[in-house]
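Next come the chains, spelled out residue by residue.
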Amino acid sequence: MLKRNDYFDIGQKVNNWIQNYLENIESLPVRSQVKPGDIYGKLDATAPIEGEPFDKILADLNEHILPGITHWQHPNFHAYFPANASVESMMAENIVSAIGSQCMLWETSPVAAEMEQRMMEWLRDAIGLPKEMEGVIQDTASTATLVAILCAREKATNFKSKTDGVPPGLRVYASKDTHSSIDKAVAIAGIGTKNMVHIPVDENRAMDVIALQKAITKDKEQGLQPIAVVATFGSTSTLALDDLHAIAKVCNEEKIWFHIDAAYAGSALILEEYKHLITGVEGIDSFVFNPHKWLFMQFDCSAYFVRDVDTLIRSFEILPEYLKTKNRGIVNDYRDWGIQLGRRFRALKIWFVFRSYGLEGMKTRLREHIRLREYFDQQICGTGKYQLATPSQMSVSTFTLVPKTMDLDIENERNIKLLHHVNDRGKIYLTKTKINGKIILRMVISQTYVAKRHIDLAVEELHEYYE
Ligand SMILES: *Cc1c(COP(=O)(O)O)cnc(C)c1O
């Protein structure tokens, strides 16, 4: 066991390890190449009885652990959506881990609460949400959406679901392409997934708002109770953007909770060229986006905004004696703003990133990502080997091999084979999705330090492939 002062010695070693890791990350395979069970088998079956030297632990880290990492900070990571870190954010997280505070109440670290309040204002204003909205950091968009659905449920049932249980027939609406976390939230909230209504999408894969209105009217006629609509601003499959203005109109007229899931694409709202998509959208009840996906603030950092904080707190507050403090009611006790009691000091990395990038620096990086996506599209489509599958959006393209047959199964098979081939080579990492039964590949360009040469490598890898 190390003494606290040993930090000066091992801290240096760990810092060197981190520096070395980041310097050499491009030489590592992006997606881990281990087989299931490889790492488990290398870890001793029983816990050590005696402590071991720290150097030995570090040596094992390199030899046995590193091969099991999929490198999310690798600039050739184009899979899923990124968990996008920056050096500044990593350093802030190091400091937070040294401080090690648990920030459930204002009193348990006033700066965590007050900085969180201020940072959420910075983020809110940066993406152009109305000033009356207030924010809280959640771990993930899934949690934030669950919070939104729970608030919608409480508001619609006059805060009776909390005490009496959930009445049957509450209805939630989202597009067919919405994220699976909405279904999960509806299930957990006791509303029942059969009351999750998936609205058809139009040719751009955005929610068909006329169909939404029809579904709501029909449900009401049948005695069901519409409680929430979730708009998807940037779907996970293709980054499709629901029309927020049109959906807002329906929600305002019907007096239904309006939640926006902008997990990835929300970051782009800091750019003037996308502001019109949110400007003038009225009556947003809640909004979530993940700065940890596309704003250089390390996972986890999900920004959740609400218009009516009272409803939020009323839905979540419980107050045993040991949590009553002198300043209650004067300050924000964020434990009342969500599900868990214990909270990390997550605002510090937001402050570090804002301070070091500035809003202009963030915009420049985002625009560069979008420009690289346009470049990718040109490179990939130029040769007759590949074609775009859906209209590219912001920093995301979807594509397939140019079909050789009319047979969907054969074509799906060809594209899956290609995907496994490039991911097994380890130089780049892509993932897929399925639209109308068709497998399509996704290219996401938003790793913090991605540059043109990384896109050139991706294009090279894809063109190298012959079947
Ligand atoms: C990534 C994503 C989510 C889920 O994000 P978590 O923060 O991992 O829960 C939800 N919705 C959309 C549109 C996403 O892209």
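Source: prediction; values computed, not measured. (Residues numbered from 1 in each chain as written. Predicted model: local features only at pLDDT ≥ 70, side-chain atom pairs only at ≥ 80, totals over all residues. Heavy atoms only, no water.)

A short note on the site of the ligand
Lining the immediate environment of the ligand, one finds 13 residues, of which Ala-141, Ser-142, Asp-261, Asn-290 and Lys-293 sit closest. For the ligand, an oxygen atom lies 2.9 Å from a polar atom in the side chain of Asn-290. Counting atoms within 2 Å of the grid points, the majority share of the ligand lands in the second largest pocket. Elements that contribute at least two residues to the shell around the ligand include exactly helix H6 (141-156) and helix H12 (291-294). Looking at the shell around the ligand residue by residue, the classes come out as 3 nonpolar, 8 polar and 2 charged. (Near = heavy atom within 4 Å. Polar contact = N/O pair within 3.5 Å; in protein donor to acceptor, adjacent residues only side chain to side chain. 1 Å grid on protein atoms, 1.4 Å probe; cavity = no way out; pocket = protein on both sides within 12 Å on 5 of 7 lines; lining within 4 Å. Sits in = over half its atoms within 2 Å of the grid points. Helix = DSSP H or I, 4+ residues; strand = E, 2+ residues; numbered from the N terminus. Nonpolar A, V, L, I, M, F, W, Y, C, P; charged D, E, K, R; others polar.)

Notes on the layout of surface pockets
Each pocket or cavity is described by its volume, and for the largest pocket that value is around 410 Å³. Contributing to the lining of the largest pocket are 16 residues, with Tyr-21, Leu-22, Gln-73, Met-90 and Gln-298 lying nearest its centre. Where the lining of the largest pocket is concerned, the elements lending two or more residues are helix H1 (7-24) and helix H4 (87-99). In terms of residues, the lining of the largest pocket owes the most to one element, H1, which gives 4 residues. Class assignment of the residues belonging to the lining of the largest pocket gives a composition of 10 nonpolar, 5 polar and 1 charged. Estimates place the volume of the second largest pocket at around 350 Å³. The wall of the second largest pocket is formed by 24 residues, among which Ala-141, His-179, Ala-263, Asn-290 and Lys-293 lie closest to the centre. (Points joined across faces, edges and corners; volume = space filled by probe spheres on them.)

Let's talk about the pattern of salt bridges
Taken as a whole, this structure holds 28 salt bridges when the rule is applied. With its nearest N and O atoms 3.2 Å apart, the salt bridge here joins Glu-368 to Arg-371. In this pair, Glu-368 and Arg-371 are both assigned in helix H14 (residues 347-381), 3 residues apart and thus about one turn of the helix distant. Residue class for Arg-371 comes out partly exposed when judged on its relative accessible area of 44%. Notably, a salt bridge pairs Asp-456 with Lys-452, separated by 3.1 Å at the nearest N-O pair. Taken together, the residues Asp-456 and Lys-452, both in helix H16 (residues 452-464) and 4 residues apart, mark about one turn of the helix. Accessibility expressed as a relative area gives 26% for Asp-456, which makes it partly exposed. Of the residues examined, Lys-452 reaches a relative accessible area of 41% and is grouped as partly exposed. One continuous salt-bridge network, built from bridges that share partners, spans Glu-93, Asp-300, Arg-344, Arg-346 and Lys-349. (Salt bridge = Lys/Arg side-chain N within 4 Å of Asp/Glu carboxyl O. Buried < 20%, exposed > 50% of the residue type's maximum accessible area, 1.4 Å probe, protein only.)

What about the packing of aromatic side chains?
Applying the stated criterion across every chain, the model contains 15 aromatic pairs. Plain terms: the ring middles of Tyr-7 and Phe-8 are 6.3 Å apart, the flat faces sit at 75 degrees to each other, and that makes the pair edge-to-face. By relative accessible area, which is 63% here, Phe-8 ends up exposed. These aromatic residues form a ring-pair network of at least three members: Trp-72, Phe-77, Tyr-80 and Tyr-429. Positioned over the ring face of Phe-159 is Arg-314, at 3.8 Å from the centre of the ring. The ring of Phe-81 has Arg-442 sitting right over it, with the charged end atom 5.0 Å from the ring centre. (Phe/Tyr/Trp six-rings, centres within 6.5 Å; stacked < 30°, edge-to-face > 60°. Lys NZ or Arg CZ within 6 Å of the ring centre and 35° of its normal.)

Observations concerning the state of the cysteines
Tallied over the full model, the rule gives 0 disulfides. With no disulfide of its own, Cys-151 lies 15 Å from the sulfur of Cys-251, the closest cysteine sulfur. Of the residues examined, Cys-251 reaches a relative accessible area of 1% and is grouped as buried. (Disulfide = S-S within 2.5 Å.)

Description of the packing of helix H15 (residues 408-425) against H16
Axis angle and axis distance: for two packed helices, these are the angle between their axes and the distance between the axes, and together they describe the pair. Where H15 meets H16, the closest approach of the two axes is 10 Å, and the angle between their N-to-C directions is 125 degrees. The angle between H15 and H16 places the two elements in the oblique class. Remark: the crossing between H15 and H16 carries right-handed chirality. On the side of H15, the interface is formed by Leu-418, His-421, Val-422 and Arg-425, while H16 contributes Glu-461, Leu-462 and Glu-464. Across the contact of H15 with H16, the residue classes break down as 3 nonpolar, 1 polar and 3 charged. (Axes fitted to C-alpha atoms, helices over the stretch in contact; angles between N-to-C directions. Parallel < 35°, antiparallel > 145°, perpendicular 65-115°, else oblique. Left-handed = near helix turned anticlockwise from the far one by under 90°. Contact = heavy atoms within 4.5 Å.)

Observations concerning the nonpolar core
By size, the foremost hydrophobic cluster in this structure holds 69 residues, and its most contacted members are Leu-123, Leu-212, Phe-287 and Phe-305. Here this core gets 9 residues from one element, more than from any other, and that element is H14. Apart from residues lying up to four places away in sequence, Phe-287 is in contact with Ile-127, Leu-129, Met-133, His-259, Ile-260, Ala-262, Leu-269, Ile-278, Ala-303, Tyr-304 and Phe-305. Core analysis: the second largest hydrophobic core is formed by 34 residues, Ala-152, Ile-227, Val-288 and Trp-337 among them. (Core = buried A, V, L, I, M, F, W, Y, C linked by side-chain atoms within 4.5 Å.)

Quick notes on the pairing of strand S5 (residues 257-261)
Counting buried positions along S5 yields 5 of 5 residues, so the element is predominantly enclosed. Burial along S5 is two-sided: Trp-257, His-259 and Asp-261 facing one way and Phe-258 and Ile-260 facing the other are all buried. At this point the chain moves from strand S4 (residues 225-232), through helix H10 (residues 244-254), to the parallel S5, and the crossover so formed is right-handed. Pairing analysis gives 3 bridges linking S5 to strand S6 (residues 286-289), with the strands arranged parallel. (Right-handed = clockwise from strand over helix to strand, strands pointing away. Pairing = 2+ DSSP bridges.)

Digging into unusual backbone geometry
Between Phe-299 and Asp-300 the backbone carries a cis peptide bond, its omega angle lying at 0 degrees. Within the secondary structure, Asp-300 is located in the loop between H12 and strand S7 (302-306). Even without glycine at this site, Leu-239 takes up a positive phi of about 60 degrees. Structurally, Leu-239 is set in the loop between S4 and H10. Classification of Leu-239 by relative accessible area gives buried; the value is 0%. Of note in this structure, Phe-296 is not a glycine but carries a positive phi near 65 degrees. Take Phe-296: it is sitting in the loop between H12 and S7. Looking at Phe-296, the relative accessible area reads 0%, which means it is buried.

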